[in-house]
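Breakdown of the fold
These are the residues of each chain, in order.
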Amino acid sequence: MRVISIISLKGGVAKTTTSVNMAYILCKQGFRVLLIDNDKQGNASKTFGLYNPEDENTVARIMLERGLDVREIINKTPYSDSEAGTLDIITANMELLEANMRTIVDTGRQQQTRFKKALTAVSDQYDFCIIDNAPDINMSIINALVVSDDLIIPIMIDQYSFDGLEILIEQIEQTKEDFNPALTFRGCLVTQYRKADVQEQGTEVLDSGYPIFESRIRRTENKVNESTFAGKPVVEYSVRCGASQDYKKFVREYLEAIK
Ligand SMILES: Nc1ncnc2c1ncn2[C@@H]1O[C@H](COP(=O)(O)OP(=O)(O)OP(=O)(O)O)[C@@H](O)[C@H]1O
Ligand SMILES: [Mg+2]
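This section reports on the structure supplied with the text. If you're wondering where the values come from, they're calculated on a predicted model, not measured in any experiment.

1. Examining the environment of D88
By the secondary structure assignment, D88 is in strand β4 (residues 86-90). For D88, a relative accessible area of 10% puts it in the buried group. Along the sequence, D88 and T47 sit 41 residues apart, while their C-alpha atoms lie 13 Å from each other. With near-sequence residues (within four places) excluded, D88 lies in contact with V33, L34, L35, I74, N75, K76, T77, S80 and Y126.

Okay, structure coming up:
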């Protein structure tokens, strides 16, 4: 199982949209995919109609329970039993907030390796695990970095694009050094892209300092928002729209890069 973290300290840059659509595309290509919602907002869970504020079987249990059988908290999505691959999910809700706070004071066992330990049990069951992270660096996000093979940072080109990028990259370097030397920063993914000079210039600046995917995800005003209300990945909701085409291209580029 190859683990991919979609991560950024910035909110609203399309982490969830990228995670959900990447998971869906890989599933449709015949891969077995586990999506982990690692954000107390539960937006990835909501996409599949699986958000429940009362649910006790969420990602929070990974942080809290020693010896958890992670299979107990894996849910099916409408795509789990599709003809091609599989798309299962571990959901999140506000419980994750308390779980993170409790983990910080629980120094009795290692705090950073709880995802890693829990996911070992299903590593033969899936080809890919995609983790949709919150716009933060908290203990469950450090756990995601420790268990990941690949990192992808979605970026929206605007005045504040680079805010937090250095801090995040520093954190990645530290995690690499302390826990996970195999962690690879695959690149920044430009999302919500519009044809405009400022977007071109911003992308060039980014390209000069950081690894970046050639594929860019176009801003597709209505379809992406409509798809969230429809409870579907945009790639399923509107096959032909710009963002759907771009996400497919991006996944091809990613698969090529890991060959
Ligand atoms: N290519 C796109 N075109 C148009 N709108 C988009 C596109 N990608 C994402 N959006 C919209 O932008 C908003 C933020 O996207 P998303 O929730 O994926 O970001 P996020 O980084 O996960 O946010 P958060 O930090 O809150 O978790 C959503 O309303 C989403 O529908
Ligand atoms: Mg999100």
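2. Quick look at the sheet that holds strand β5 (residues 128-133)
Strand order in the open sheet made by the seven strands is β3-β4-β2-β5-β1-β6-β7, with mixed pairing throughout. For this open sheet the edge positions go to β3 (75-76) and β7 (184-191), each flanked by a neighbour on one side alone. By the bridge criterion, five bridges tie strand β1 (residues 2-6) to β5 in an arrangement that is parallel. Following the sheet pairing, I4 is matched in β5 by I130.

3. Some remarks on the packing of aromatic side chains
Under the definition given, this model contains five aromatic pairs. Ring geometry for F31 versus F128: centroids 5.1 Å apart, planes at 85 degrees, classification edge-to-face. With F31 in the loop between α1 (15-28) and β2 (32-38) and F128 in strand β5, the pair connects residues that are 97 residues apart, well separated along the chain. Ring pairs connect the aromatic residues Y24, F48 and Y79, which therefore count as one cluster.

4. Brief notes about the nonpolar core
By size, the foremost hydrophobic cluster in this structure holds 34 residues, and its most contacted members are M22, L35, L87, I130, I152, F250 and Y254. Residues within four places of L87 in sequence aside, it is in contact with A23, Y24, C27, V33, L35, F48, T77, Y79 and S80. Core analysis: the second largest hydrophobic core is formed by 27 residues, I36, L68, I131 and V146 among them.

5. Some details on the site of ligand 1
Around ligand 1, 19 residues are found, and the nearest of them are K15, T16, T17, R218 and T220. With respect to ligand 1, the side chain of Q192 contributes an N or O atom lying 3.3 Å from an oxygen atom. Between N225 and ligand 1, the recorded distance is 3.0 Å, taken from a side-chain N or O atom to an oxygen atom. Protein contact buries 84% of the 640 Å² of open area that ligand 1 shows by itself. Secondary-structure elements contributing two or more residues to the shell around ligand 1 are α1 and α9 (221-230).

6. A closer look at the environment of Y247
By the element assignment, Y247 lies in helix α11 (residues 242-258). Overall, the relative accessible area of 1% leaves Y247 in the buried class. In this structure the C-alpha to C-alpha distance between Y247 and R216, which are 31 residues apart in sequence, comes to 8.2 Å. Non-local contacts of Y247, meaning those with residues more than four positions away in its chain, are made with A14, T17, T18, N21, I25, L189, T191, I217 and V235.

7. A short note on the packing of α1 against α11
For the pair α1 and α11, the least separation of the axes is 10 Å and the interaxial angle reads 70 degrees. The orientation of α1 relative to α11 falls into the category roughly perpendicular. Across the interface between the two elements, T17, T18, N21, M22, I25 and L26 from α1 touch Y247, K248, F250, V251, Y254 and L255 from α11. Residue composition of the contact of α1 with α11, grouped by class: eight nonpolar, three polar and one charged.

8. Notes on helix α6 (residues 139-147)
α6 sits mainly inside the fold: nine of its nine residues count as buried. Within the span of α6, buried status applies to M139, S140, I141, I142, N143, A144, L145, V146 and V147.

9. A short note on unusual backbone geometry
One non-glycine residue, A14, adopts positive backbone phi at about 90 degrees. Within the fold, A14 resides in the loop between β1 and α1. One non-glycine residue, Q192, lies in the positive phi region at around 50 degrees. Among the structural elements, Q192 can be located in the loop between β7 and α8 (197-209).

10. Here we look at the pattern of salt bridges
Inspection of every chain in the model, using the stated rule, returns 15 salt bridges. Taking the shortest distance from any N to any O, the salt bridge between D150 and R2 comes out at 2.7 Å. Linking D150 in strand β6 (residues 150-156) with R2 in strand β1, this pair joins segments that are 148 residues apart in sequence. Ionic pairing is found between K76 and D81, a salt bridge with its closest N-O pair at 3.3 Å. Neither K76 nor D81 differs from the other in exposure class; each is exposed. Among the charged side chains, a salt-bridge network with shared partners connects R2, D150 and R186.

How each quantity is defined
- Residues numbered from 1 in each chain as written.
- Chains lettered and ligands numbered in written order.
- Predicted model: local features only at pLDDT ≥ 70, side-chain atom pairs only at ≥ 80, totals over all residues.
- Heavy atoms only, no water.
- Helix = DSSP H or I, 4+ residues; strand = E, 2+ residues; numbered from the N terminus.
- Buried < 20%, exposed > 50% of the residue type's maximum accessible area, 1.4 Å probe, protein only.
- Contact = heavy atoms within 4.5 Å.
- Pairing = 2+ DSSP bridges.
- Phe/Tyr/Trp six-rings, centres within 6.5 Å; stacked < 30°, edge-to-face > 60°.
- Core = buried A, V, L, I, M, F, W, Y, C linked by side-chain atoms within 4.5 Å.
- Near = heavy atom within 4 Å.
- Polar contact = N/O pair within 3.5 Å; in protein donor to acceptor, adjacent residues only side chain to side chain.
- Areas by Shrake-Rupley, 256 points an atom, 1.4 Å probe, with all protein chains shown as cover.
- Axes fitted to C-alpha atoms, helices over the stretch in contact; angles between N-to-C directions.
- Parallel < 35°, antiparallel > 145°, perpendicular 65-115°, else oblique.
- Nonpolar A, V, L, I, M, F, W, Y, C, P; charged D, E, K, R; others polar.
- Salt bridge = Lys/Arg side-chain N within 4 Å of Asp/Glu carboxyl O.

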